[in-house]
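Architecture and fold: a report
These are the residues of each chain, in order.
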Amino acid sequence: MSDIILTQEQIKRYARQLIMPEIGGKGQVKLLKSKAIVVGAGGLGSAAIQYLAGAGVGKIGIVDGDSVDITNLQRQTIHAGNLGMNKAESAAKFVKTLNPDVEVEVYPENVNVNNVRDIIREYDVVVDCTDNFPSRFLLNDACVMEKIPLVHSAVLRFIGEIMTIVPDSACYRCVFPEAPPPGSVPSCQEAGIAGVATGIFGVMQATEAIKLILGLEILENKMLYADLLTMEFDLIDIRKDRNCPVCSGKVKDLQEESYVETCRIE
Amino acid sequence: MLRHAELNDSNDRIEVLDLRDENCPFTFIKTKLKLEEMKKGEELKVIFSDEVTARDVAKSLTSEGHEVLEVLEIHGAQLKGIDGWMLRVRCGR
């Protein structure tokens, strides 16, 4: 039996999800006792954080070292009215206003080889909302080493991808052993990004994190790839690479040199 | 035709939940939350203000895998001075 009893206010707040057999009271208690950390409070993070908070995830960590710029607001809607503020602080402000049940921990910094494992260690799930390859590889490797589930997503223009990595599943490096050579993939500034794409994929990341907490089916050993211009959604089966340096257990520590340029680990 | 439950049995250890002041969807949600605390096979009686509510909740409970035993009208003399519609359900999960 659960040791949290929902208050009358919580029964009202979560009524629409308490009704569903997949959630109910037991699921809601699981959510309230869970801890998720969102790395990057940009376009993806903006969407993911709002729905994690709405669902009543008990603790949300928010990691971002940047501050809100006017060019962000086309997609990073969580930062309304907060120009110049640190993004993690700004997103935390939204969460506290939306749902006082949620405890927020702010990390006004970017993840790196030295801090990432300590930052993610206390959480049940990590949501990768970063915008660059070194951070994605770093989060993948740190999560595999710490045995913490990770929800990865990345978007550009109208396209995006999402996959969930759990201990023993295929990891991000199994699919992409290395980053494309610098300059071969246009950045968000060069190629552009549809605000809706970050919204859709960020909300899908929150969906995956919530399902993971509830013990429901997730995108494990699967990647969803979608082109929002044609509205073609492809669910791709992916396989664990037995020779993957990280999830095979060969590499046990994060090394600075593994997160530059191609991020390849030999 | 209405049947009348025997609610005055002093050995009756079945829990009674009075939800006559609740509206949809809380009539269902509060019944469901109570059942989540119970063990499979245990029985619960829930009192609603009207027949439509009792039957709606019964339908939702059935779809969640609980066994609705009966839905019937009750009068004050039968249960702690309560008038209303009673649903008797066996916890199915």
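As a starting point, this report considers the structure included with it. (Residues numbered from 1 in each chain as written. Chains lettered and ligands numbered in written order. Predicted model: local features only at pLDDT ≥ 70, side-chain atom pairs only at ≥ 80, totals over all residues. Heavy atoms only, no water.)

So, on to the overall build of chain B. Summing up its helical and strand segments, chain B has two helices and four strands in all. From first element to last, N terminus to C terminus, chain B shows the α and β order β-α-β-α-β-β. Split into buried and exposed, the 93 residues of chain B put 45% on the buried side. A separation of at least 24 residues holds for 68% of the contacts in chain B among residues at least 6 apart in sequence. Total accessible area on chain B is roughly 5,200 Å²; 45% of this is exposed by carbon and sulfur atoms. (Helix = DSSP H or I, 4+ residues; strand = E, 2+ residues; numbered from the N terminus. Buried < 20%, exposed > 50% of the residue type's maximum accessible area, 1.4 Å probe, protein only. Contact = heavy atoms within 4.5 Å. Areas by Shrake-Rupley, 256 points an atom, 1.4 Å probe, with all protein chains shown as cover.)

Quick look at the sheet that holds strand β3 (residues 67–74) of chain B now. Residue and element names in this part refer to chain B. Read from one edge of the open sheet, four strands run β1-β2-β4-β3, paired in mixed fashion. Here the strands that pair on one side only, and so sit at the sheet edges, are β1 (15–18) and β3. The average angle at which neighbouring strand axes cross in this sheet is 20 degrees, direction not considered. The pairing of β1 with strand β2 (residues 43–48) spans four bridges and is parallel. Residue L17 lies in a different strand from β2, and its bridge partner there is V46. Of the strands in this sheet, β1, β2 and β4 (84–90) touch helix α1 (residues 26–37), which is tilted by about 160 degrees from β2. (Pairing = 2+ DSSP bridges. Axes fitted to C-alpha atoms, helices over the stretch in contact; angles between N-to-C directions.)

Moving on to the packing of α1 of chain B against helix α2 (residues 51–63) of chain B. All names here are of chain B. One way to put it is that α1 packs onto α2 with a least axis distance of 10 Å and a crossing angle of 45 degrees. With respect to their mutual orientation, α1 and α2 come out oblique. Crossing handedness for the pair α1 and α2: right-handed. Note on element contacts: α2 touches α1 through T53, V57, S60 and L61, opposite T27, F28, T31 and L35. A per-class count over the contact of α1 with α2 returns four nonpolar, four polar and no charged. (Parallel < 35°, antiparallel > 145°, perpendicular 65-115°, else oblique. Left-handed = near helix turned anticlockwise from the far one by under 90°. Nonpolar A, V, L, I, M, F, W, Y, C, P; charged D, E, K, R; others polar.)

All names here are of chain A. Given a rise of 1.5 Å per residue, 14 residues ought to cover 20 Å, and the 20 Å separating the end C-alpha atoms of helix α7 (residues 133–146) matches this to within 8%. Among the 14 residues of α7, 11 are classified as buried, and the element is accordingly described as predominantly covered. When α7 is considered as a whole, its buried residues turn out to be S135, R136, F137, L138, L139, N140, D141, A142, C143, M145 and E146. Summarising the contacts, the buried residues of α7 are in contact with β1 (35–39), α6 (116–120), β4 (125–128), β5 (150–156), β6 (159–165) and α8 (172–175). Positive phi shows up at K147, right after α7, with a value of about 55 degrees. (Expected span 1.5 Å × (residues − 1).)

Another point: the interface of chain B and chain A. Across the boundary between the two partners, chain B contributes 10 residues, which contact 14 residues of chain A. Here chain B is connected to chain A by zero salt bridges. Inspection of the chain B/chain A interface yields six residue pairs in polar contact (both at pLDDT 80 or more). Residue composition of the side of chain B that touches chain A, grouped by class: five nonpolar, no polar and five charged. (Salt bridge = Lys/Arg side-chain N within 4 Å of Asp/Glu carboxyl O. Polar contact = N/O pair within 3.5 Å; in protein donor to acceptor, adjacent residues only side chain to side chain.)

Taken together, the side chains of F158, V196, I200 and L229 of chain A make up a nonpolar region of the molecular surface, amounting to roughly 360 Å² of accessible area. Structurally, V196 of chain A is set in helix α10 (residues 195–214). (Patch = residues over 30% accessible without salt bridge, like charges linked within 9 Å, V, L, I, M, F, W, Y side chains within 5 Å.)

Looking now at the sheet that holds strand β8 (residues 232–237) of chain A. Residue and element names in this part refer to chain A. With mixed pairing, the eight strands of this open sheet are ordered in space as β3-β2-β1-β4-β5-β6-β7-β8. One side of each edge strand has no neighbouring strand; the edge strands of this open sheet are β3 (103–107) and β8. Averaged over neighbouring strand pairs, the angle between their axes works out to 15 degrees when direction is ignored. Of the pairings in the sheet, the one linking strand β2 (residues 59–63) to β3 comprises five bridges and is parallel in character. Residue I60 lies in a different strand from β3, and its bridge partner there is V104. Sheet strands touched by α7: β1, β4, β5 and β6. Its angle to β5, the strand with the most contacts, is close to 170 degrees.

Let us now look at the pairing of β2 of chain B. Along any regular strand, the residues point their side chains to alternate faces of the sheet. Residue and element names in this part refer to chain B. Burial of β2 is extensive: five of the six residues sit out of reach of the surface. Two elements, β2 and β4, share six bridges in a ladder whose sense is antiparallel. Counted as the bridge partner of F48 is W85 from β4.

Turning next to the packing of aromatic side chains. Taken as a whole, this structure holds two aromatic pairs over all chains when the rule is applied. R136 of chain A extends its terminal NZ or CZ atom over the ring of F133 of chain A, reaching a point 4.9 Å from the ring centre. (Phe/Tyr/Trp six-rings, centres within 6.5 Å; stacked < 30°, edge-to-face > 60°. Lys NZ or Arg CZ within 6 Å of the ring centre and 35° of its normal.)

Another aspect to go through is the side chain of N82 of chain A. Residues and elements named next belong to chain A. Its location among the elements puts N82 in the loop between β2 and α5 (87–98). Engagement of the side chain of N82 in a polar contact is seen with the side chain of S90, the distance being 2.9 Å. If we ignore the near neighbours within four places in the chain, the residues touching N82 are V68, S90 and K93.

Now for the side chain of K34 of chain B. With respect to the helices and strands, the residue K34 of chain B is situated in helix α1. Discounting chain neighbours no more than four positions away, the residues touching K34 of chain B are E15, L17 and L44 of chain B.

What follows covers α10 of chain A. Residue and element names in this part refer to chain A. Counted at 1.5 Å a residue, the expected span for α10 with its 20 residues is 28 Å, and the 29 Å between its end C-alpha atoms agrees. Across the 20 residues that make up α10, a large majority, 14, are buried. Looking one or two residues beyond α10, the residue adopting positive phi is G215, at roughly 80 degrees.

Taken by themselves, the reported measurements are silent on function.
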